[in-house]
Structure formats: structure tokens, C-alpha cells
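Reading the structure
One letter stands for each residue in the lines below.
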2 protein chains.
Amino acid sequence: MIKLAIIGFGNVGQGFAELLIKKRREIEKRVGKFKVVAIADSKSSISGDFKLEEAIEIKKKTGKLPEDRIAIEIVEGEDYDVLIESTITDIETGGAGLKYIKTALKRGCHVVTSNKGPLVVAFKELVNLANRKGVKLMYEATVGGVMPVIKLIRKYLAICEIERAMGILNGTCNYILSRMEEEKLPFNQILNEAKELGIAEANPSYDIEGIDAAAKLVILANTIYDCNFKFKDVERIGIDSITPEAFEIAIKRGYTIRLIAEASKRVLKVSPRLVPINHPLAVRGTMNALMLKTDTAGNIVVMGRGAGRKETATAMLSDLIEIYE
Amino acid sequence: MIKLAIIGFGNVGQGFAELLIKKRREIEKRVGKFKVVAIADSKSSISGDFKLEEAIEIKKKTGKLPEDRIAIEIVEGEDYDVLIESTITDIETGGAGLKYIKTALKRGCHVVTSNKGPLVVAFKELVNLANRKGVKLMYEATVGGVMPVIKLIRKYLAICEIERAMGILNGTCNYILSRMEEEKLPFNQILNEAKELGIAEANPSYDIEGIDAAAKLVILANTIYDCNFKFKDVERIGIDSITPEAFEIAIKRGYTIRLIAEASKRVLKVSPRLVPINHPLAVRGTMNALMLKTDTAGNIVVMGRGAGRKETATAMLSDLIEIYE
């Protein structure tokens, strides 16, 4: 019986629990029986014998869970095999998530996380800790949403040299840019529209300044090159100064403009770039895409939804299954 | 020590041997020591203590290998753990490859193949045989070249329902169609150009009639739906009657034309289809692409080279590594 503890029970944590309910049969066919032994957020929890459906219901109705133990108590004290960590991202300090992940790894538990912060702040430390303890630290959901980029790099392309990775790693920026391309409207107008649709946050700077893409790029580059790049190593330019005129000129020449995150052994860069209109990275809407330039496999491209409740949960579930398969 | 026997030593077999030489260190880091104990083609072989470099050299110079034992003798009699099968494809009978694969599986050996024929003719039989014997039958290289489609389906998307798969599975057709799109020239003219470039065969019917794409689709659909589709189950229309006029009309409306292979639980179909010019499947040149429509992961797309010596070898090597990792 695999014992799971879910820490962080917002959109992602709940989405993961929903997927466990929906796919229980398929999961157990592949990895055997499992049980969620505890769920916690920063101020409450549930543990013992409870139904996932009920936990979701209670959290939705009351905004909290029925017990008083908080996340760190569960992480430190509960008996679990895998920590499912989906707390709020803090890419400056790593936030509470960093503490949860470290604690779980030190206790010899596997970790599946959707949280970029801890990996941006302490990639090498966490990877080394997991290796030392002989457990798995899985983070497919942190980069490119549902695209299987981490598994592609670590498994399928393991014997390849990846000379360069270039990608669209932020769906909000891509939505704004592809709308600007289509509508020839000013940045601010499209941004406001995106806010109304819930595609951009009320404070959109995390996305439009390229911070989110840069954080993902750090994790991606560290995975590919087995390095310890930090957030400050990324050259970064956002998309807020792009004008309809720039698009007009680009389109006339057969190009569009996209926020491209690029990593090689030497350079980490997030910036708006001209992309040929027929290029695989000229994706539209909130899609993400990643192109890996390899020595023996040529260019490999993946595309998929970069965010979303079900999609993030699917990526996390693929991690859980990989641990046990 | 992993013992490999390479059967079929043409372009693909030699490419695989070259990759073993080039990547020996990376491979052994992941799966431990390996040795190619024998290489054979339909009329000759090499075995015992030999260097891969020498075997390639001899075959290139003389057109054959130095010993008289032929492929079937090696497959039946040699002591190996994994059969690397890359003989000539015959999608009607399965060809000699079918016999080699069956023999190896019956002997309790793993098989890595790049050969569509045996899987098109006897998918279920071979999969069942491998399961019964507790060995792996790996065939990533048979569909979509270097794109990791089989692993994506069997591993990453294992718990997803794949409602539909749509793809560009033949690089020759895609080259011809994307050139027709760009140049507005007649089919035959572009086909002749493709022949000169070595992108189309002297007898191109296998590609342009959609036979190759259909064979790949059978393997893909059987993998996704755990079925036993046969070649005759594929509705198939080739690309030879597509005119520059058809392209003109399509392009005016924002579409292009591509040979699309589509599989769902009920329908297997290969036919020229209108594809929006910005659609991920509107890839150009000899690239392949596959879009999987899933229940919880949305649409996932992969793109990569559909053929090529290094690319096919890379896909086969990823299979070998997966067996032992």
C-alpha cells in the first residue's frame, strides 16, 4: 500500500486528488494499491480514514480542512511514502515548500512537486539530498505543464547531447502575443482582455516580465546540464514594450514575435524573439512548446497545455507512477 | 554483461552499431556493460571477438560479413539477451523479420525492432508471446522515427484515455506536400525532385499511396487501444491526385493539405486532409508529427525526424536502455 500525503490543497492539490479519484483503477493496475493518509494546507488538515471526495467538499465549502494540525506537522510527523507538494511558489526564498520537500527527503520519502520555487532556489541541494537518501524527487509539473519535458530529457534523450533548448514556457505571454499578432491591438488592451478571461493575473508582472518563464528555464537547464543555475543567471526581458508596429513589421517579413526561453550550457535567456510564422515554436494561445536540439535525434519538439488543473495533475500523476513502476 | 545480436546490417543496423560505438560510455553508465556477440544479415555474419568498427568496415567494403552462418542460424543458435532486429520490412507476410522476432521471444530474449512488417502482421501474437515469456518487445523506431510516441503512450499517458491520434507519419509525403504548398508546382514535378534528392524511392508507391503511413498507424492504434487492427482495417487514400489548384483553394482559405493518419477506437484512416496553416500538424519538409487528444492532458503534440540513420538508431537505443533501466 503506497501512502500519499498531499501538502497544499488549492487548485493543484485538489486537482490531483480529483484525478486520483477518477483514475484509481488505472493507477492501481500499474503501481498497486494506494491511500492518501493525510492532506494539509498551511492552517489545517485531514488524516486517518477519510474519503478524498469529502476532503475536497469540505475544503471547497469551508475554505479549510477539519483538523488543526498544519502542513509542517503532517510533513514531519505523518507516516507516508510520497509527499505530493503543491504549495504556493516563492522563487526568491523557496517558501514553505522548500522546507516541506527537504523534510520529506530527509525522512527518506519520495517527493512529487508542482512547485517551482524550491527547485529554482535549491536545485542541486535537493537533487543531491534525494540521491543520498535513495529516494526520488519528481518535478515534471514545474516546467511546461503537461508536456513531458523532464521525462523526455531524463529518459528518452538520456544518451543524447542536448545542445540547446528553446521554448514557450509561459501560456499567458503566449496568449497575449498571439492575440496581438491576430488583432494588431496594443499590448495593454490585450492584457486587460486576458485579465477578464482569467488568463492573466490581476498583477500580471510575474508572467509578462518573464519571471515565470525564467524560473522554469532554470529548472529545465539544471535538468539538462546537471548544473546549478540560479534565477539571477537568466538574462530576462519581458513582453510589455512590444508594439503593434513591431508585429506589423515582423508579419510582413514572415515572422511573428514570441517570448522564447532558451538554454544552452552557457546562456540562459528569456526574451521576445522573432520566430518564423511556420516555426514549431510559433504556437498559439496558451499552449506551451519546447524544442530540443540534439546530436543524434535532431530537433525534437513537444507541445501541450502549460497550465490547468487537470493537466498539472496529470503531470504529477505521471511522476507518481514513474516512482513505482 | 548484456549480450546483443544485431540482425539486419543495412543502413539501420549499421547506424545502430555506430551509435553503440559513439555512445558506449553513456550507455554503460545507465545499464552496465554490453557486448555485440553477433551480427548477421541474410547471407553472412560475424561473431565471437570482433570490433564493431571492423564489422561495419568489412560490410561496407565487401557487401557482406566474413562468416557463413546466416541470420536465422544466429537467431536460433547464438547466446544473446537482446535481438536487435532491423531487416527489410514486409507488411504483407511479416517477412523474415517475423520469424526472427518470434524465435528470439520464444527463446526468452528481449527484442528491439525497427521493422514494421512483423508488428503490422502479428501485433497481438507477438505482444502476447513476449508477455508470456516475460521479456520485452520494443518497437519505438517503427512509428514516427525519432519521436518518442510509443513511450509517450505506454508510459507518460498510460493513465490517460487517448480519444484520438492524428499524425504525419510519412516524411516523403510531407516533403512533397509542403513543397507543393510553397512552389505551386504539379505533384509529379515535385516527386521527381524528391527522387533526385533521395527523399523518395525510385518506386515511390509505398510512400505516396499511404501504405507506409497506414502500416505505422496500425502499430500505433494497436498500442493505444490494445487491439489487433490489421493493415486491411485502414481506409487509405494516397496523395498522387492532389493538384496545385487544390492547394491554391486551400491556401486562400487559410489551410494547407497534409497526409493525415488518424486513429480512434473505431476508425483507422490515412488520407489527404485540409489542415489550418497554423495547426501543429501543418509541419514542413520531412518532419513527422503526432497529436494525441487525451481526457486529462488535453492535446499533446510531438514532432521529430521521421526517418534517418542516426534518428532511427537513437529510437532503438532508447528501447534498449528502457529494457534494462
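**Structural notes on the relation of the copies chain A and chain B**
Overlaying chain A on chain B yields an RMSD of 0.0 Å, the required transformation being a rotation through 180° with an accompanying axial translation of 0.0 Å. Each copy turns onto its partner about a two-fold axis. Within chain A, Val302 of chain A has its C-alpha nearest the rotation axis, a separation of 2.2 Å. Here 100% of the interface residues in chain A have copies in chain B that are interface residues too; the copies meet face to matching face.

**Some words on the interface of chain A and chain B**
Each side of the interface is counted separately: chain A has 32 residues, and chain B has 32 residues. Every element with two or more residues in the side of chain A that touches chain B is listed here: α2 (24-31), α7 (149-156), β12 (299-305) and α13 (309-324) of chain A. Counting residues per element, the side of chain A that touches chain B draws most heavily on β12 of chain A, at seven residues. In terms of residue class, the side of chain A that touches chain B is built from 17 nonpolar, seven polar and eight charged.

**Notes on the sheet that holds strand β3 (residues 45-47) of chain B**
Residue and element names in this part refer to chain B. Read from one edge of the open sheet, six strands run β3-β2-β1-β4-β5-β6, paired in mixed fashion. Sheet topology places β3 and β6 (137-138) at the edges, where each strand pairs with a single neighbour. One ladder, built from three bridges, connects strand β2 (residues 34-40) with β3; its direction is antiparallel. Directly across from Ile39, in β3, lies its bridge partner Ile46.

**Considering the nonpolar core**
Within the largest apolar cluster, 230 residues are counted, with the highest numbers of intra-cluster contacts made by Leu83 and Leu217 of chain A together with Leu83 and Leu217 of chain B. Discounting residues that sit within four places of it in the chain, Leu83 of chain A has contacts with Ala5, Ile7, Val75, Tyr100, Ala104, Cys109 and Val111 of chain A.

**Digging into the domain arrangement of chain A**
The accessible area lost on association of the parts is a frequent measure of interface size. All names here are of chain A. Partitioning chain A into domains gives domain 1 (2-145 + 309-324) and domain 2 (156-305). One C-alpha centre belongs to domain 1, the other to domain 2, and the line joining them spans 28 Å. Facing the 12 residues of domain 1 at the interface are 14 residues of domain 2. Ranked by residues supplied to the side of domain 1 that touches domain 2, first place goes to helix α6 (residues 116-133) with five residues. Here the residues of the side of domain 1 that touches domain 2 are counted per class, giving six nonpolar, three polar and three charged.

**Quick word on helix α8 (residues 171-183) of chain B**
Residue and element names in this part refer to chain B. Across its 13 residues, α8 extends 18 Å between first and last C-alpha, which sits within 8% of the 18 Å expected from 1.5 Å per residue. Of all 13 residues in α8, 11 are buried; the element is thus mostly enclosed. Considered for burial, the residues of α8 that qualify are Gly171, Thr172, Cys173, Asn174, Tyr175, Ile176, Leu177, Ser178, Arg179, Met180 and Glu181. Downstream of α8 by a residue or two, Lys184 has a phi angle that is positive, lying close to 55°.

**Looking at the sheet that holds strand β6 (residues 137-138) of chain A**
All names here are of chain A. Pairing in this open sheet of six strands is mixed, and the strands run β3-β2-β1-β4-β5-β6 from one edge to the other. The sheet is open, and its two borders are formed by β3 (45-47) and β6, each paired with just one other strand. On the sheet, α13 packs against β1 (2-7), β4 (82-85), β5 (110-113) and β6 and is oriented at approximately 160° with respect to β5.

**Focus: the confidence of the model for chain A**
When pLDDT is averaged along chain A, the result is 96, and 100% of the positions lie at 70 or above. With pTM at 0.95, the complex prediction returns an ipTM value of 0.94.

**What to know about the pairing of strand β1 (residues 2-7) of chain B**
All names here are of chain B. Bridge count for β1 against β2 is six bridges, and the pairing is parallel. In the strand pairing of β2, Ala5 is matched with Ala38. Bridge count between β1 and strand β4 (residues 82-85): four bridges; the pairing is parallel. Considered in β4, the bridge of Leu4 is made with Val82.

**Some words on the environment of Ile176 of chain A**
Residue and element names in this part refer to chain A. Relative to the assigned elements, Ile176 resides in helix α8 (residues 171-183). Considering only alpha carbons, one finds Ile176 and Lys230, 54 residues apart in sequence, at a separation of 27 Å. Excluding residues within four positions of it along the chain, Ile176 makes contact with Phe187, Ile190, Leu191, Ala194 and Ile239.

**Quick notes on α7 of chain A**
Judged by how many residues are buried, α7 of chain A sits mostly within the fold: six of eight residues are covered. Buried residues of α7 of chain A: Val149, Ile150, Lys151, Leu152, Ile153 and Tyr156 of chain A, and no others. As for α7 of chain A, its buried residues are in contact with β7 (162-168), α11 (211-225), β11 (287-294) and β12 of chain A together with α7 (149-156) and α13 (309-324) of chain B.

**With respect to the packing of helix α1 (residues 11-22) of chain B against α13 of chain B**
Residues and elements named next belong to chain B. Contact pair α1 / α13: the axes reach a minimum separation of 8 Å and the direction vectors enclose 65°. On the basis of the axis angle, α1 is roughly perpendicular to α13. In this structure, α1 meets α13 at a crossing whose hand is right-handed. Packed against α1, whose contacting residues are Asn11, Val12, Gly15, Phe16, Glu18 and Leu19, the element α13 presents Arg309, Lys310, Thr312, Ala313, Thr314, Met316 and Leu317 at the interface. A per-class count over the contact of α1 with α13 returns six nonpolar, four polar and three charged.

Cut-off values and rules
- Residues numbered from 1 in each chain as written.
- Chains lettered and ligands numbered in written order.
- Predicted model: local features only at pLDDT ≥ 70, side-chain atom pairs only at ≥ 80, totals over all residues.
- Least-squares fit on C-alpha atoms with pLDDT ≥ 70 in both.
- Contact = placed C-beta atoms within 7 Å.
- Helix = DSSP H or I, 4+ residues; strand = E, 2+ residues; numbered from the N terminus.
- Nonpolar A, V, L, I, M, F, W, Y, C, P; charged D, E, K, R; others polar.
- Pairing = 2+ DSSP bridges.
- Core = buried A, V, L, I, M, F, W, Y, C linked by C-beta atoms within 7 Å.
- Buried ≥ 20, exposed ≤ 12 C-beta atoms within 10 Å, placed from the backbone.
- Domains from an automatic or database assignment.
- Expected span 1.5 Å × (residues − 1).
- Axes fitted to C-alpha atoms, helices over the stretch in contact; angles between N-to-C directions.
- pLDDT = per-residue confidence, 0-100.
- Parallel < 35°, antiparallel > 145°, perpendicular 65-115°, else oblique.
- Left-handed = near helix turned anticlockwise from the far one by under 90°.

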